Amino acid sequence: MKIALLEPIGISKEALGRLSAGLKERGHEFVAYDAKTTDPEELIARSAGCQVVMIANNPYPEAVVRACPDLKLLDIAFTGIDHVAQDALKEQGVTICNAAGYSDETVAELAIGMAIDALRNVAKANDLVRKGGTSAGIGGREICGRTVGIVGLGRIGLRTAQLFQAFGAKVIACNRSQNPKALEMGIEYKSLDEVLSQSDIISLHLPNNKETRGFISREKIALMKPDAVFINCARGPIVDNAALADALNEDKLGFACADVFDMEPPLPEDYPLLHAKNTLLTPHQAFISEESMLRRAEIVFNNVYAWLDDKPINVCK
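Let me sum up the structure you'll find in this document. In this text the structure is predicted, and so the values were computed from the model without any measurement. (Residues numbered from 1 in each chain as written. Predicted model: local features only at pLDDT ≥ 70, side-chain atom pairs only at ≥ 80, totals over all residues. Heavy atoms only, no water.)

A look at the sheet that holds strand E5 (residues 95–97)
Consider a sheet: its strands pair through backbone hydrogen bonds, and that pairing is either parallel or antiparallel.
For step 1, the next point in the chain: Strand order in the open sheet formed by 5 strands is E2-E1-E3-E4-E5, and the pairing between neighbours is parallel. Each end of this open sheet is capped by a strand with a single partner; those strands are strand E2 (29–32) and E5. For this sheet, the mean inter-axis angle between neighbouring strands, taken without regard to orientation, is 15 degrees.
For step 2, the next point in the chain: Its contacts with the sheet place helix H1 (residues 13–25) against strand E1 (2–5) and E2, and it is angled at close to 155 degrees to E2. (Pairing = 2+ DSSP bridges. Helix = DSSP H or I, 4+ residues; strand = E, 2+ residues; numbered from the N terminus. Axes fitted to C-alpha atoms, helices over the stretch in contact; angles between N-to-C directions. Contact = heavy atoms within 4.5 Å.)

If you want it as structure tokens, here you go:
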């Protein structure tokens, strides 16, 4: 069986060799490419003859799927799967697995870091001191005692809530279903409108799909407190980012932190958030740490071994 890793997944050659050794021992052909590509023709060439293809967060479009009749497993080294042609894959009977859980801690910690920066002016203070400035007027506010709203209380949202609670914040949340663990933690479930209007800090943790695209609309942004901090370490298209920029520039929202956008960075020069006041922007790095990259690789290779043993895990419905 031919198995191909179409792009690097952030681990050393030694780790890659260790994780893939079992495939070769079983008599399978394993190929790993050391450069990313989004070119459909190149993706087709790399996938040719493969029964198993492993990717990360680069697109795997319908044209590629249709050109790969041998494909049986698409193993995604990522949590979200909105960047692959799911309908075409399912029509061809291809199993889709992901690496859910690998970045829970990493994403949650960045959300906390962003909140601290927004409230305590860390980046601004860094610029000031380098320019000979002082601390006058930039003392900021504390997380402790504030209300934090979590929109999407899955694994990452729940871990983010735990960390905010450790800082002494009150946590409220909006989610389609209630998690017993969250209730044990004292998290209050409320409607989306209540969470948006009552929270001092709002952290978004939803997947990007047909139901959530544009979920945080101009109307929803208008519900937020004028001094609230909004954090998006989830997916960019969930938010009307032009409306978010307008709210910031019109002083209708206090601060916005975004790690994700309507497209992958680099962003075009006229992208609204680049020119909005009171923003902290990072280039889709929330999921990246030494620890998370190794966890991700271990999960994605375990997906292959489990599938080969007819005991698939992490299958996306």
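Quick notes on empty space enclosed by the protein
For step 1, the next point in the chain: Tallying each qualifying case throughout the model produces 1 cavity of 30 Å³ or more.
For step 2, the next point in the chain: The computed volume of the largest cavity comes to approximately 40 Å³.
For step 3, the next point in the chain: If you trace the largest cavity, you find it lined by Leu6, Glu7, Lys36, Thr37, Leu43, Arg46, Ile55, Asn58, Pro59 and Tyr60.
For step 4, the next point in the chain: When its residues are assigned to classes, the lining of the largest cavity shows 5 nonpolar, 2 polar and 3 charged. (1 Å grid on protein atoms, 1.4 Å probe; cavity = no way out; pocket = protein on both sides within 12 Å on 5 of 7 lines; lining within 4 Å. Points joined across faces, edges and corners; volume = space filled by probe spheres on them. Nonpolar A, V, L, I, M, F, W, Y, C, P; charged D, E, K, R; others polar.)

Remarks on the layout of surface pockets
For step 1, the next point in the chain: Its volume calculated, the largest pocket comes out at about 1300 Å³.
For step 2, the next point in the chain: Lining the largest pocket are 42 residues, and of these Thr79, Leu206, Pro207, Asn208 and Asn209 lie nearest its centre.
For step 3, the next point in the chain: Listed by contribution, the elements that provide at least two residues to the lining of the largest pocket are helix H4 (86–91), helix H5 (104–120) and helix H7 (155–166).
For step 4, the next point in the chain: The biggest single contributor to the lining of the largest pocket is H7, with 3 residues.
For step 5, the next point in the chain: Here the second largest pocket defines a volume of roughly 460 Å³.
For step 6, the next point in the chain: For the second largest pocket, the lining is made up of 26 residues, of which Asn57, Asn58, Arg235, Glu264 and His284 are closest to its centre.
For step 7, the next point in the chain: A class-by-class count of the residues in the lining of the second largest pocket yields 12 nonpolar, 7 polar and 7 charged.

Considering helix H12 (residues 290–308)
For step 1, the next point in the chain: Between its first and last C-alpha atoms H12 spans 28 Å; for 19 residues at 1.5 Å apiece the expected length is 27 Å, and the two agree.
For step 2, the next point in the chain: Listing the buried residues of H12 in full gives Ser292, Met293, Arg296, Ala297, Val300, Phe301, Asn303, Val304, Tyr305, Ala306, Trp307 and Leu308.
For step 3, the next point in the chain: Aspartate 310, located one to two residues past H12, shows a positive phi value of around 60 degrees. (Expected span 1.5 Å × (residues − 1). Buried < 20%, exposed > 50% of the residue type's maximum accessible area, 1.4 Å probe, protein only.)

Focus: the side chain of serine 203
For step 1, the next point in the chain: Mapped onto the secondary structure, serine 203 falls in strand E9 (residues 201–204).
For step 2, the next point in the chain: Other than its neighbours up to four places away in sequence, serine 203 contacts Ala111, Gly149, Ile150, Val151, Thr160 and Ile231.

Quick word on the nonpolar core
For step 1, the next point in the chain: Residues Tyr60, Leu74, Leu153, Phe164, Ile187 and Ile231 are the most contacted members of the largest nonpolar core, which totals 59 residues.
For step 2, the next point in the chain: Among the elements that line this core, the one with the most residues is H5, at 8 residues.
For step 3, the next point in the chain: Ala228, Ala234, Leu244 and Ala245 belong to the second largest nonpolar core, which has 30 residues in total. (Core = buried A, V, L, I, M, F, W, Y, C linked by side-chain atoms within 4.5 Å.)

Focus on the environment of asparagine 208
For step 1, the next point in the chain: Here asparagine 208 shows up in the loop between E9 and helix H10 (218–221).
For step 2, the next point in the chain: Taking the C-alpha atoms as reference, asparagine 208 lies 42 Å from threonine 134; in sequence the two are 74 residues apart.
For step 3, the next point in the chain: When sequence neighbours within four positions are dropped, the list of residues in contact with asparagine 208 reads Asp82, Arg213, Arg235, Pro237 and Ile238.
For step 4, the next point in the chain: Of the polar contacts made by the side chain of asparagine 208, one reaches the side chain of aspartate 82; its length is 3.1 Å.
For step 5, the next point in the chain: A distance of 3.2 Å separates polar atoms of two side chains, one belonging to asparagine 208 and the other to arginine 213. (Polar contact = N/O pair within 3.5 Å; in protein donor to acceptor, adjacent residues only side chain to side chain.)

Without other data, these values stay purely geometric and don't point to any function.
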